[in-house]
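Residue-level structural notes
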Amino acid sequence: MGTILLATDGSEYARAAARQAIDLAEDRGATLHVICVVDQRRFDDPALSSAELATIYAEDHASVCVREVTGMAEARDVRVQGDTRHGIPPEVILEYADEIDADLILIGEHGEHDEHFSGVGRKVLKESNREVRVIEAGI
């Protein structure tokens, strides 16, 4: 048993990480938690403004990303839970890992956020006291 956290954004790298996370969860009999973070620095909470449509699109995209991975996991009979949240991606990923007491965090090497591996992945690696794996797209 155990708990695996996958941070996804729908990118090619995140899909590679999703495949590995599902394989690991299946092999370990672990629960897979999937999170997609809507970056609050780019997309604020919807309000009456010209940015409202972009924020709604970002939230919809996050939901689609989580549903895609949860569907893949459910097809393999892996226990899975998904969530979307607003915030600064590395901070939210680390907070969520603490909430669920993740044994392992997987994240794609690059992603849809302005901060790619040099930002999100590096910060999660540096600041987490948990096992973190940064997955390349070719794996």
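Above this note sits the structure.
Below you will find a few notes about this structure. Not measured: the values here are computed from a predicted model.

Moving on: the environment of Val66. Tracing the backbone shows Val66 in helix α2 (residues 52–75). For Val66, a relative accessible area of 7% puts it in the buried group. Expressed as a C-alpha distance, the spacing of Val66 and Val34, which sit 32 residues apart in the sequence, is 6.2 Å. Those residues in contact with Val66, other than ones at most four positions away along the chain, are Val34, Ile35, Cys36, Gly82, Asp83 and Thr84.

Where helix α3 (residues 89–100) meets helix α4 (residues 120–127), the closest approach of the two axes is 9 Å, and the angle between their N-to-C directions is 40°. In terms of orientation, α3 lies oblique with respect to α4. Helix-helix and strand crossings are classified by hand; for α3 and α4 the assignment is right-handed. The segment α3 lies against α4, with Pro89, Pro90, Ile93 and Leu94 engaging Val120, Lys123, Val124 and Glu127. Looking at the contact of α3 with α4, its residues break down into 6 nonpolar, no polar and 2 charged.

Relative to the 24 Å expected for 17 residues at 1.5 Å per residue, helix α1 (residues 12–28) spans 24 Å between its end C-alpha atoms, a close match to the ideal helical length. Those residues of α1 not exposed but buried are Ala14, Ala16, Ala17, Ala18, Gln20, Ala21, Ile22, Leu24 and Ala25. Just beyond α1, the residue with positive phi is Gly29, at close to 65°.

Now for α4. It helps to recall that an α-helix has 3.6 residues per turn; residues three or four apart then point in one direction. Every buried residue belonging to α4 is among Val120, Gly121 and Val124, and all of these are buried. In a view along the axis of α4, the buried residues occupy a sector of 95°, so they form one face of it. In α4, the exposed positions angled more than 90 degrees off the buried face are occupied by Lys126 and Glu127. Contacts from the buried residues of α4 go to α3, β4 (104–108) and β5 (131–135).

Basis of the calculations
- Residues numbered from 1 in each chain as written.
- Predicted model: local features only at pLDDT ≥ 70, side-chain atom pairs only at ≥ 80, totals over all residues.
- Heavy atoms only, no water.
- Helix = DSSP H or I, 4+ residues; strand = E, 2+ residues; numbered from the N terminus.
- Buried < 20%, exposed > 50% of the residue type's maximum accessible area, 1.4 Å probe, protein only.
- Contact = heavy atoms within 4.5 Å.
- Axes fitted to C-alpha atoms, helices over the stretch in contact; angles between N-to-C directions.
- Parallel < 35°, antiparallel > 145°, perpendicular 65-115°, else oblique.
- Left-handed = near helix turned anticlockwise from the far one by under 90°.
- Nonpolar A, V, L, I, M, F, W, Y, C, P; charged D, E, K, R; others polar.
- Expected span 1.5 Å × (residues − 1).
- Arc of directions from axis to C-beta.

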